[in-house]
Amino acid sequence: MTIAPFRASSVRAPLRVHASQATENKADKDSAARQMLGMKGAALETDIWKIRVQLTKPVTWIPLIWGVACGAAASGHYVWNDPKNIAQLLTCMMMSGPFLTGYTQTINDWFDKEIDAINEPYRPIPSGRISEQDVIAQIFVLLGAGLGTAYLLDQWAGHEQPTLLYLAIFGSFISYIYSAPPLKLKQWGWAGNYALGSSYIALPWWAGQALFGTLTPDVMVLTVLYSIAGLGIAIVNDFKSIEGDRALGLQSLPVAFGVDTAKWICVGTIDVTQLGVAAYLYGGLHQTTYAAVLMGLILPQIFFQFKYFLPDPIANDVKYQASAQPFLVFGLLTTGLAVGASNAALGL
């Protein structure tokens, strides 16, 4: 009887097949998750409801939801374990995130069909996976749901003036002129990026603070200035779209100033703004502990700027944002808590 020689390759081959299958399965899961979150590298889904969710880009809801929490903290009147306050907060987050941010992202995709056909042809509208009628219907449904929720929140909070409805209308108007011609603010570099930054920082903060307390002029000024950091975040997102923006004549900052200059403008607006806010917490509000915490949250952002963003802002934009932005958003909450502590000390 002849015994066949043992061949290592006969064992390794199936292992290679299983490893390849595991890698493909993981890639499929990642692609599906990206589809649901509205991120680059998404699966080409055909289910209409999944496509509708993709249009709203759920990954972009997070800063708005967080901003509402920061505003609630800044009010000095939010009770963290009160069921009514929790329900009001979650409803306000629903208004700011899925409804109004979803409206903003859907209308942005609608007016960016030509740009997306160049930069992101897999997006639902340029790929033809959703009809124009369905997109338009989604825009109006989300807008109506957002404005209706704002009015209900005003009634729930007992506001004499519908403050939240006014804020929702204002924010929706800014979203429209950001994306739609003839103004289309996003094509004007500074104006577009600041409009986007303030929508992500100031407006949700104002909503949260107005819901549980009084929206004061000093806080409005602080958050408007803090939105300059949001301008920097918006610039980060422009680097991935240079090719399409240049082809269509859009003057994003990387197109207008070049990559090298724009990347320094970007990190400068983010860092200088936060350092200024930390100085205000220390010298203006006399909240030394919160000022020190904010400083501790700024330093890691600077580290990741030099590690990822400044060497190659085009290749590393996502990696930088994933690493640095958690520290920025916790800085926002730190600022909100500092304002709330100051208001409580003054009896406001």
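Residues numbered from 1 in each chain as written. Predicted model: local features only at pLDDT ≥ 70, side-chain atom pairs only at ≥ 80, totals over all residues. Heavy atoms only, no water.

1. Examining the layout of surface pockets
Roughly 1400 Å³ of volume is contained in the largest pocket. Partitioning the lining of the largest pocket into residue classes produces 19 nonpolar, 16 polar and 13 charged. In this structure, the second largest pocket spans a volume of roughly 200 Å³. Every residue lining the second largest pocket is listed: Trp 49, Arg 52, Val 53, Thr 56, Trp 61, Pro 98, Ala 137, Gln 138, Val 141 and Leu 142. (1 Å grid on protein atoms, 1.4 Å probe; cavity = no way out; pocket = protein on both sides within 12 Å on 5 of 7 lines; lining within 4 Å. Points joined across faces, edges and corners; volume = space filled by probe spheres on them. Nonpolar A, V, L, I, M, F, W, Y, C, P; charged D, E, K, R; others polar.)

2. Some remarks on the confidence of the model for the protein chain
With 87% of its residues at a pLDDT of 70 or more, the protein chain shows a mean pLDDT of 88. The weakest mean pLDDT in the protein chain belongs to helix 1 (residues 8-37) at 53; the strongest belongs to helix 6 (residues 132-157) at 98. Predicted confidence is poor over residues 1-11, with pLDDT under 50, and the contacts of this stretch with residues over four places away or in other chains come to one contact. (pLDDT = per-residue confidence, 0-100. Helix = DSSP H or I, 4+ residues; strand = E, 2+ residues; numbered from the N terminus. Contact = heavy atoms within 4.5 Å.)

3. Here we look at unusual backbone geometry
Among all residues save glycine, negative phi is the norm, and among peptide bonds the norm is trans. The omega torsion across Pro 181 and Pro 182 is 10 degrees, close enough to zero to call that bond cis. Of note, Pro 182 is situated in the loop between helix 7 (163-179) and helix 8 (190-212). Positive phi values are uncommon outside glycine, yet Lys 57 reaches one of about 45 degrees. A relative accessible area of 16% means that Lys 57 is categorised as buried. Here the phi dihedral of His 286 falls at roughly 60 degrees; this positive angle occurs in a residue that is not glycine. Along the chain, the position of His 286 falls in the loop between helix 12 (259-283) and helix 13 (288-309). (Buried < 20%, exposed > 50% of the residue type's maximum accessible area, 1.4 Å probe, protein only.)

4. Points about the side chain of Asn 85
Looking at the element boundaries, Asn 85 is found in helix 4 (residues 83-111). In contact with Asn 85, other than residues within four places in its own chain, are His 77, Tyr 78, Val 79 and Phe 212.

5. Focus: the packing of helix 2 (residues 48-56) against helix 6
Packing of helix 2 against helix 6 leaves a shortest axis separation of 11 Å and a crossing angle of 60 degrees. Compared by their axis directions, helix 2 and helix 6 come out oblique. When you trace helix 2 past helix 6, the crossing you get is right-handed. Only Asp 134, Val 135, Gln 138 and Leu 142 of helix 6 make contact with helix 2, whose side of the interface consists of Ile 48, Arg 52, Leu 55 and Thr 56. (Axes fitted to C-alpha atoms, helices over the stretch in contact; angles between N-to-C directions. Parallel < 35°, antiparallel > 145°, perpendicular 65-115°, else oblique. Left-handed = near helix turned anticlockwise from the far one by under 90°.)

6. Some words on the packing of helix 12 against helix 14 (residues 317-346)
One way to put it is that helix 12 packs onto helix 14 with a least axis distance of 11 Å and a crossing angle of 25 degrees. By the criterion of interaxial angle, the relationship of helix 12 to helix 14 is roughly parallel. Of the two elements, helix 12 crosses helix 14, and the hand of that crossing is left-handed. Along its contact with helix 12, which presents Ile 270, Gln 274, Val 277 and Leu 281, the element helix 14 presents Tyr 320, Leu 328, Thr 335 and Ala 338. Class assignment for the residues of the contact of helix 12 with helix 14 results in six nonpolar, two polar and no charged.

7. Notes on empty space enclosed by the protein
All chains considered together, the criterion is met by two cavities of 30 Å³ or more. The computed volume of the largest cavity comes to approximately 310 Å³. If you trace the largest cavity, you find 23 residues lining it, with Leu 64, Gly 171, Ser 175, Ser 199 and Leu 203 closest to the centre. Where the lining of the largest cavity is concerned, the elements lending two or more residues are helix 4, helix 7 and helix 8. The biggest single contributor to the lining of the largest cavity is helix 7, with eight residues. For the second largest cavity, the calculated volume is near 30 Å³. No other element matches helix 14, which puts four residues into the lining of the second largest cavity. Class assignment of the residues belonging to the lining of the second largest cavity gives a composition of five nonpolar, two polar and no charged.

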